[in-house]
Amino acid sequence: MNMQPVILWTDALIFALLAVVLALVWFIRRQEHLRAPWRVVAQRPMAMGAALVLSVFVVIGLLDSLHYRAQLTDSPADKPQYSVEVLSMFDALVDELRTQQEKTYSAPLAMQLYAKEFVLRDGETVRDYPRLQYGGAHLKHADARLPDIARRSLIGLAQGLAASLLLFCLLAVWQSHRTHASLGTWLTAWAGGRLDWPGRMVVLIVALMLMLGGALAHLAAGYHVFGTDKVGQDVLYISLKSIRTGLVIGTLTTLVTLPLAIGFGIAAGYFRGWVDDIIQYIYTVLNSIPGVLLIAAAVLIVQVYIESNPDIFDTAAARADIRLLALCLIMGVTSWTGLARLLRGESLKLRTLDYVEAARAFGVSNARIISRHIFPNVFHLVLIAIVLDFSGLVLAEAVLSYVGVGVDPSMYSWGNMINGARLELAREPVVWWQLGAAFAFMFTLVLAANLFADGVRDAFDPRLGGRR
Amino acid sequence: MKPLLRVDQLVTEIGHGADALRVVDGVSFQIAAGETYALLGESGCGKSMTALSLMRLLPDGGRIVSGDIRLGETDVRALPERDMRRVRGGQMAMIFQEPMLALNPVIKVGEQIAEALVLHQGLRGQATWDAARALLDAVGVPDATRRLDTYPFELSGGLRQRVMIAMALAGQPRLLIADEPTTALDVTIQAQVLDVLRSLRAERQMGMLLITHDLGVVAENADRVGVMYAGELVEEGARDVFFSAPQHPYSRMLFEALPRPGDGGRLTTIPGQVPKLDDPMRGCRFAPRCPFAVARCRDESPDWQAINGQRVRCHLAGALPARSAREVTTHANSTQTAQALLQVDGLKVHFPIRRGLIQRTVGHVRAVDDVTLSIQAGRTLALVGESGCGKTTVGKALLRLIEPTAGRIVLGGETITAKNVSTLRRQAQMVFQDPFSSLNPRMRVAGILLEGMDALRVGAASERRDAVAQLLRQVGLPDDTGGRYPHAFSGGQRQRIAIARALAVSPRLVICDEPTSALDVSVQAQILNLLKDLQDSLGLAYLFITHNLAVVEYLAHEVAVMYLGRIVEHGATGDVLRAPCHPYTLALVSAVPRIELQTGPGIIRLAGDQPSPLNPPSGCHFHPRCPHASEVCRQTYPDQTAVGGGHWVRCHWVAGQA
């Protein structure tokens, strides 16, 4: 199938960020004093487990950031026409989830709709729960549903287990070969937790994730695992698509925050005097305006701009994307103050240290003092702030979307899911699965991010130095 | 006599299992009531850990592995924690090094003392306050009633340390443990505090465990001395015997490493440093650094031997060669060259104090007020004074790290203005006090050394790498130093790196701001020797800022004594230190604890503290503390009075005598 690649603004930024992170990793590997704390992080079981979970989210998010438009099947070959729908690599992988739409709400793993309708049965019109078009469509009788679910879960779990066993064997052979030890000694070292990395935790997390993934895959082939939403879309699909939104908000906002926080924070602390006064006034003023107000105003402005310039944004995805980017920008602009304040205090302290004085005695320029003496010595604070802020931003997005000033309503996001579910909470019986799915995904991501952040903070914070 | 405290084979470890560090290893000693026992040693030898073991206040992970601690009849190790709390403060009390950290900054002094009184003496109400006031009186805090109602930050360092002592005394302890009680204080204040401790001990018949690294303090205060090295006690004896004939090579070398009056030659240094406790130890722990070590020392740990009243742990005890008298040379007093390398006239640094909404200037802190000095090439001028007198500010103002308010600086014949600051920076550099904060932990040593050359464009870029290797050799560091980070080095090595950094731009003047005050005695000797060698080979001039008069005598050709931002006495080192004229210099010189037993006039005790430079006293700044102050001192600031040989003083009293 021919296609036209589409690079949205956030895609470009995400891959630029990825490139920066990879470059940074390469740089850090070569610097002993930078590598040492990361080695500490890598030795912590909790941090490594959380990092694995995070990496699964990141991979899904990255796959979901490779966008394209498919060629319409009836368009001529010499003058191809493309669908207005922007899809991603991830959509292509889970095409069935995307296309198997029901009419409206259905409960998780159900084979019938959630509401009664008039259906034609044996020539008579009766009011009953109609069968789903896809969910459980392969079953003849409702009685066969539970055994089928159990069978599929078990097969999935078993396959996941088999795959993890295979991976573990490969790992064991490779590691024992690498360390020139016999397989037996490596295995006992692994079982006793005497490796220089948290082997048991990593293997456990990978096995759990493979088993969970296997069960989900098998169930999703026949059912809507998390049910369907109001327009009949699979909630699992929506939840997975929301990962990208969460990650974009969490990372790109930080990208906006960092230059502001680092620049203003260090400048205020290092130069003091009127520079400090001005920067302090700016962030005091910014802090005293309610963030939601600023964000709502900015989002509305962008909305008006998009609507008055429809020719710039050719697809709905582009429009939603620019609104997401605007949200990242404005959240970044409102949230740099905390880190800036921290960096200002630290720079105030560092500038009086003797090595900064010594550099000044050599007539080293301010820019060089900042880049060589101040910045490397506050970098650990920046890093801790990045990982700690990430989870806060993901949660903030949910709150903003709930209030109605978050991402575009057409965009998949956990905030929009919660907002949609809110209206149905009054229903009897309650429609809980949208809320539940959003909660489960957000909880996993934020918990993993927080656990990882804890590990990073412990390794980098000099005040906790030596305490394990 | 029955000992008050008996410590027997005390072993303390930090950490668990195989990683445990043995910080105190088999230490035994006794202290009688009314006796002062001094524990002497360099940092990292386990002195403080011994004290904390006695109090059972070890840090996390620390525990007493074996041994016996008896205070009177009480077995301290066997006590449950409940009873131990009564022993702490009630039976034995501790004074810490840093009074600012040991007092709670948000509770008034009176309440902090009262707390201890309520706990240990069960006093209530007015009786508590009376007792607290009596305690402050006893430790010599003037105006005790008012001081009870102040917060710790309102008190000066000396007063805070006295409050600490008062608190320690509140439980009427039988044993007082003083952990470096005066290290953070100036000499004149140190003399006051040590006086208080001595008289209290005699009055109350307390036992005292004095922990210090300062031989002078030991000589003046201790009855018996124990020398610790790497967790072990290596020598013990009565003070007089110990000071006249130290037996252990380590004790001897500590004496040798100390700069003393009249020294001209090189100081003896102890090579290497105190071993880290995680290194495996075999044989005598001092053997790797000992010049007398024989094969047996490396294999077999020596046992105690008694030699005329002393105990010593050394295989060669008694067989060591007698101590050679050190050669006494005087500085070659070369005729003064006509041209001064550095000439400073009327240097003033005033810091404005701003208050209110529009930051109006309401006054000035006169940190440096009209300082005039000059240094010739290849010579050393020492700037001496207590903390807060503005000596560091002078150094920084000379390098324009602090913009001077007024004054003329001429360096190598060129007047330094804001335009030709880079000339100044090529010719004058600085070595800082604390080697741990003066090197950027995120930069390699080579990067640190290159920074100055890059910034001032010294030499061709291609030659700078070679210059780094050359510099490292010059300061006696191994060649691979350049590629490592500062944290891999000890304090002494870091100070060498800092010296190399200053030398990188080949300056003619180096300003040394207390470069040895953060170092141990043996390492201090290494650095002083290095500075002297560099001066001889490179013809450097030093402005040596310090409060340590012994170092001044060793290194400096001339001395300027500073008090409250002004130089009060100036002259050749020998003249000023051996025949001081100004009452302040007199007090300063006499307050330095000496190893030799005092002859001649006793120590002149100064009353009170140095006043604030924000609001200096009228007339002569020193008059409120001066024993010779008269009416004229209160009204006019004295002019220079020459007393011969380029030696001058600013004092009405001296002027009146002449």
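Computed from a predicted structure; not experimentally measured.

### Describing the overall build of chain B
Each helix and strand in chain B was counted, giving 23 helices and 24 strands. Over its C-alpha atoms chain B spans a radius of gyration of 26 Å, differing by no more than 12% from the 26 Å that the globule rule assigns to 658 residues. With respect to the principal axes defined by its C-alpha atoms, chain B has extents near 75 × 65 × 55 Å. Each of the 658 residues in chain B was classed as buried or not, and the buried ones make up 48%. For chain B, contacts bridging at least 24 residues in sequence account for 68% of all contacts bridging at least 6.

### As for the domain arrangement of chain B
Size of an interface, as often reported, equals the accessible area lost when the parts are brought together. Residues and elements named next belong to chain B. Assigned domains within chain B: domain 1 (5-91 + 173-313), domain 2 (99-172) and domain 3 (342-657). Distance from the C-alpha centre of domain 1 to the C-alpha centre of domain 3: 33 Å. Contacts between the two partners involve 31 residues from domain 1, matched on the other side by 28 residues from domain 3. At six residues, helix α8 (residues 187-204) tops the list of elements feeding residues into the side of domain 1 that touches domain 3. Classifying every residue of the side of domain 1 that touches domain 3 by side-chain character gives 15 nonpolar, eight polar and eight charged.

### Some words on the interface of chain B and chain A
Contacts between chain B and chain A engage 22 residues on the former and 16 residues on the latter. Every element with two or more residues in the side of chain B that touches chain A is listed here: α14 (421-427), β18 (428-431) and α15 (445-456) of chain B. When residues in the side of chain B that touches chain A are grouped by element, the largest group, four residues, is from α15 of chain B. Residues of the side of chain B that touches chain A, tallied by class, amount to 11 nonpolar, six polar and five charged.

### Remarks on the pairing of strand β4 (residues 62-71) of chain B
Residues and elements named next belong to chain B. Where strand β1 (residues 5-14) lies against β4, eight bridges are found, and the strand directions are antiparallel. The partner of L5 across the bridge, within β4, is L71. Between β4 and strand β5 (residues 74-75), which follow one another and run antiparallel, lie two residues, and G72 among them has a positive phi close to 65 degrees.

### What to know about the domain arrangement of chain A
Residue and element names in this part refer to chain A. You can read the domains of chain A as domain 1 (103-136), domain 2 (137-222) and domain 3 (242-450). Relative placement of domain 1 and domain 2: their C-alpha centres are 37 Å apart. A breakdown of the residues in the side of domain 1 that touches domain 2 according to their chemical character gives four nonpolar, three polar and no charged.

### Things to note about the sheet that holds strand β24 (residues 648-650) of chain B
Adjacent strands of a sheet form backbone hydrogen bonds with each other and so pair up, either parallel or antiparallel. All names here are of chain B. If you trace the eight strands from one edge of the open sheet to the other, you get β18-β19-β20-β15-β21-β22-β24-β23, paired in mixed fashion. Each edge of the open sheet is held by one strand with a lone partner, namely β18 and β23 (640-642). Within the sheet, the average angular offset between the axes of one strand and its neighbour, ignoring direction, is 20 degrees. Here strand β19 (residues 509-513) pairs with strand β20 (residues 541-546) via five bridges, running parallel. In the sheet register, C512 faces β20, and the bridge partner there is F544. Strand contacts of helix α17 (residues 491-503): β18 and β19, with the helix running at about 170 degrees to β18, the strand carrying the most contacts.

### Notes on the environment of C633 of chain B
Residues and elements named next belong to chain B. Tracing the chain through its elements places C633 in helix α22 (residues 631-635). Distance from C633 to K348, taken between C-alpha atoms, is 22 Å for residues 285 residues apart in sequence. Each residue touching C633, except ones within four places of it in the same chain, is listed here: G619, C620, H623, C626 and H652.

### Remarks on the sheet that holds β5 of chain B
All names here are of chain B. Read across the sheet, four strands follow the order β2-β1-β4-β5 without closing on themselves; strand pairing throughout is antiparallel. Edge positions in the open sheet fall to β2 (21-31) and β5, since each of these has one partner strand only. Packing against the sheet, helix α1 (residues 47-55) makes contact with β1, β2 and β4, and its axis sits at approximately 70 degrees to β2.

### Focus: the packing of helix α9 (residues 235-271) of chain A against helix α10 (residues 273-288) of chain A
Helix packing geometry: the angle between the two helix axes and the distance between the axes. Residues and elements named next belong to chain A. Where α9 contacts α10, the axes come no closer than 7 Å and their chain directions differ by 140 degrees. Seen from above, α9 lies across α10 with left-handed handedness. Facing α9, whose interface residues are F264, A267, A268 and F271, α10 presents G273, V275, D276, I279 and Q280. Taken together, the residues of the contact of α9 with α10 sort by class into six nonpolar, two polar and one charged.

### Here's the deal with the nonpolar core
I113, A166, L175, L209, L383, F544 and V561 of chain B are the most contacted members of the largest nonpolar core, which has 296 residues in total. Top element by residues in this core is α9 of chain A. It accounts for 18 residues.

Reading guide: rules and limits
Residues numbered from 1 in each chain as written. Chains lettered and ligands numbered in written order. Predicted model: local features only at pLDDT ≥ 70, side-chain atom pairs only at ≥ 80, totals over all residues. Helix = DSSP H or I, 4+ residues; strand = E, 2+ residues; numbered from the N terminus. Rg over C-alpha atoms; globule rule 2.2 N^0.38 Å. Buried ≥ 20, exposed ≤ 12 C-beta atoms within 10 Å, placed from the backbone. Contact = placed C-beta atoms within 7 Å. Domains from an automatic or database assignment. Nonpolar A, V, L, I, M, F, W, Y, C, P; charged D, E, K, R; others polar. Pairing = 2+ DSSP bridges. Axes fitted to C-alpha atoms, helices over the stretch in contact; angles between N-to-C directions. Left-handed = near helix turned anticlockwise from the far one by under 90°. Core = buried A, V, L, I, M, F, W, Y, C linked by C-beta atoms within 7 Å.

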